[in-house]
Amino acid sequence: MPTTIRAFDGSLDDAEGLLMVEAATFNESPYSPHEVRGMLTAGPQHAWLALGDGEVVGFVIGFLTQGLQGSCWEIDLLAVLPAWRGHGLATRLIRTASAYGARLAPRARAVTADDNSASRHAFRRAGFFPGPDMCHLLIQRLDGLQPRAPLTVGVTVREATGSDELSSWLPGLQPLANSPGLSLLVAEQDGDIAGYAELIHVETLLYRGAWIESLVARSRAARAALVREVTNQALLAGLEEIGAMIPQEDRGAYHALRAVGFRSLGSFQWLVADLPLPGLASGPGDGDPSSAAAGRRDDADD
């Protein structure tokens, strides 16, 4: 059957087709077709669709994030209907989205479950490589939670005045200019900076939330205070969920998050790539949302 990969065109039909595939794979999106159309035309997310026999049979969604390590193109969701797997659609979707992302960031990444070998192979064929660490994917739903009072352990947490405050922790770090969606918290203990947390706000097809990009501390008390303040910030922002990828060797961060209600979804791994991918030039093409109206999950078998 002939297949096509193209950008989401901003129509209600495209939104309905995308949600049909989402319901058949994840079945987690709380949004209506009208809401999805708005998110994919006015928000930071970009989508590409796989069409077979004139119908939407797969999709990929990506967006840009900014953090202490610079810009990154996030491949957030990837799905192909079971009946259309095995035709290379997943790899083609990844490469199409990555070609667009190369215009915005020097690197890309995605998250795959340890037991999802099909998606991992699709990313490998597209030009991605596994990160060095196997991780716990931890999430906390914020429904019904209330902000917690600060811990009285001699640690205070505040917004960083700039990335230069972390120069002793991250030598060579470039100053952060305008980084929308990024919150940088520092913990102070005994007059010194005792740790920091990097929080990236994201809006996806599945939830509005925040991602703990990094959580580093010299003491258990500083780590606990940072985790508590990260949760409070997300609650005050009206977000629905917080997630984190914690290397399995980082037992301190794992237990600190579990202690405040985070739960593990199991073992996951980063897949990363330098952009542009081999054999792909960055720039507009048939997968470019600008030519149309335009970690966490994937379900695709190449």
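Check the entry above for the structure.
What you see is a predicted model; the values in this text were computed from it and never measured.

Rules and cut-offs
- Residues numbered from 1 in each chain as written.
- Predicted model: local features only at pLDDT ≥ 70, side-chain atom pairs only at ≥ 80, totals over all residues.
- Heavy atoms only, no water.
- Salt bridge = Lys/Arg side-chain N within 4 Å of Asp/Glu carboxyl O.
- Helix = DSSP H or I, 4+ residues; strand = E, 2+ residues; numbered from the N terminus.
- Phe/Tyr/Trp six-rings, centres within 6.5 Å; stacked < 30°, edge-to-face > 60°.
- Buried < 20%, exposed > 50% of the residue type's maximum accessible area, 1.4 Å probe, protein only.
- Pairing = 2+ DSSP bridges.
- Expected span 1.5 Å × (residues − 1).
- Core = buried A, V, L, I, M, F, W, Y, C linked by side-chain atoms within 4.5 Å.
- Contact = heavy atoms within 4.5 Å.
- Polar contact = N/O pair within 3.5 Å; in protein donor to acceptor, adjacent residues only side chain to side chain.
- Arc of directions from axis to C-beta.

Student: How do you make sense of the pattern of salt bridges when you look at a structure like this?
Tutor: Side chains that carry opposite charge are capable of pairing whenever their charged atoms lie near each other. Summed over all chains, the structure comprises 8 salt bridges. Between Glu188 and Arg158 there is a salt bridge whose closest N-O contact spans 3.0 Å. Of the two residues, Glu188 is situated in strand 8 (residues 182–189) and Arg158 in strand 7 (residues 155–159); the sequence distance between them amounts to 30 residues. Beyond isolated ion pairs, a larger network of salt bridges with shared partners links Arg6, Asp9 and Asp14.

Student: Explain the packing of aromatic side chains to me, please; I cannot follow it from the model alone.
Tutor: To describe a pair of aromatic rings, you give the distance between the ring centres and the angle between the ring planes. Counted according to the given criterion, the structure contains 6 aromatic pairs. Between Trp211 and Trp270, the aromatic rings sit 6.1 Å apart at their centres with planes inclined by 75°, giving edge-to-face as the arrangement. Here Trp211 is found in strand 10 (residues 208–217), whereas its partner Trp270 is found in strand 12 (residues 263–274), with 59 residues between them in sequence. Each member of the pair, Trp211 as well as Trp270, is classed as buried. Through pairs of rings, three or more aromatic residues link up here, namely Trp48, Trp73 and Tyr100.

Student: Would you mind showing me how to read the pairing of strand 2 (residues 46–52) here?
Tutor: For a regular strand, the rule is simple: side chains alternate between the two faces of the sheet. Taking burial as the measure, the 7 residues of strand 2 include 7 buried ones, the bulk of the element. Covered by surrounding structure in strand 2 are His46, Trp48, Ala50 and Gly52 together with Ala47, Leu49 and Leu51, the residues of both alternating faces. Two elements, strand 1 (residues 3–7) and strand 2, share 5 bridges in a ladder whose sense is antiparallel. Among the inter-strand pairings, Ile5 is bridged to a residue of strand 2, identified as Ala50.

Student: Explain helix 5 (residues 220–236) to me, please; I cannot follow it from the model alone.
Tutor: Since the α-helix advances by 3.6 residues per turn, residues separated by three or four positions end up pointing in the same direction. Here helix 5 is 17 residues long and its end C-alpha atoms lie 25 Å apart, about the 24 Å a rise of 1.5 Å per residue gives. All of the buried residues in helix 5 are Ala222, Arg223, Ala225, Leu226, Val227, Val230, Thr231, Asn232, Gln233, Ala234 and Leu235. Gly238, located one to two residues past helix 5, shows a positive phi value of around 75°.

Student: Would you mind showing me how to read the nonpolar core here?
Tutor: Generally speaking, a soluble globular protein has its nonpolar side chains buried in company with each other. Judged by nonpolar contacts, the single largest core of 63 residues is most densely connected at Phe59, Trp73 and Phe128. Excluding residues that lie within four positions of it along the chain, Phe59 makes contacts with Leu18, Val21, Glu22, Phe26, Trp48, Leu49, Leu77, Leu78, Ala79, Leu93 and Leu205. Counting residues in hydrophobic clusters, the runner-up holds 29 residues, among them Ala187, Ala234, Ala256 and Leu257.

Student: Is there a simple way to explain the environment of Thr4 in this structure?
Tutor: On the secondary structure map, Thr4 appears in strand 1. For the pair Thr4 and Leu145, spaced 141 residues apart in sequence, the C-alpha to C-alpha distance is 44 Å.

Student: Hey, could you run me through unusual backbone geometry in this one?
Tutor: Across residues other than glycine, the phi torsion is negative in most instances, and most of the peptide bonds are trans. A cis geometry characterises the amide bond from Leu275 onward to Pro276, with omega recorded as 0°. Although it is not a glycine, Asp53 adopts a positive phi angle of roughly 55°. Mapped onto the elements of the fold, Asp53 is located in the loop between strand 2 and strand 3 (55–67).

Student: What is the right way to look at the side chain of Glu22 in this model?
Tutor: Its location among the elements puts Glu22 in helix 1 (residues 12–25). Here the side chain of Glu22 touches Glu28 through a polar contact of 2.6 Å, landing on its backbone nitrogen. When sequence neighbours within four positions are dropped, the list of residues in contact with Glu22 reads Asn27, Glu28, Ser29, Phe59, Leu205 and Leu206.

Student: It is not clear to me how the environment of Ser214 should be interpreted in this structure. Could you clarify?
Tutor: Secondary-structure assignment places Ser214 in strand 10. When the C-alpha positions of Ser214 and Ile200 are compared, they lie 9.6 Å apart, and in sequence the two are 14 residues distant. Leaving out residues up to four positions away in the same chain, Ser214 has contacts with Leu68, Tyr196, Ala197 and Glu198.

Student: Would you take a moment to explain helix 6 (residues 251–259) for this structure?
Tutor: Looking only at helix 6, the buried set comprises Ala253, Tyr254, Ala256 and Leu257. The arc enclosing the buried residues of helix 6, seen along the axis, measures out at 165°, which places them on a common side. The elements touched by buried residues of helix 6 are strand 6 (129–141), strand 10, helix 5 and strand 11 (241–247). Looking one or two residues past helix 6, Gly261 carries a phi angle of roughly 110°, positive in sign.

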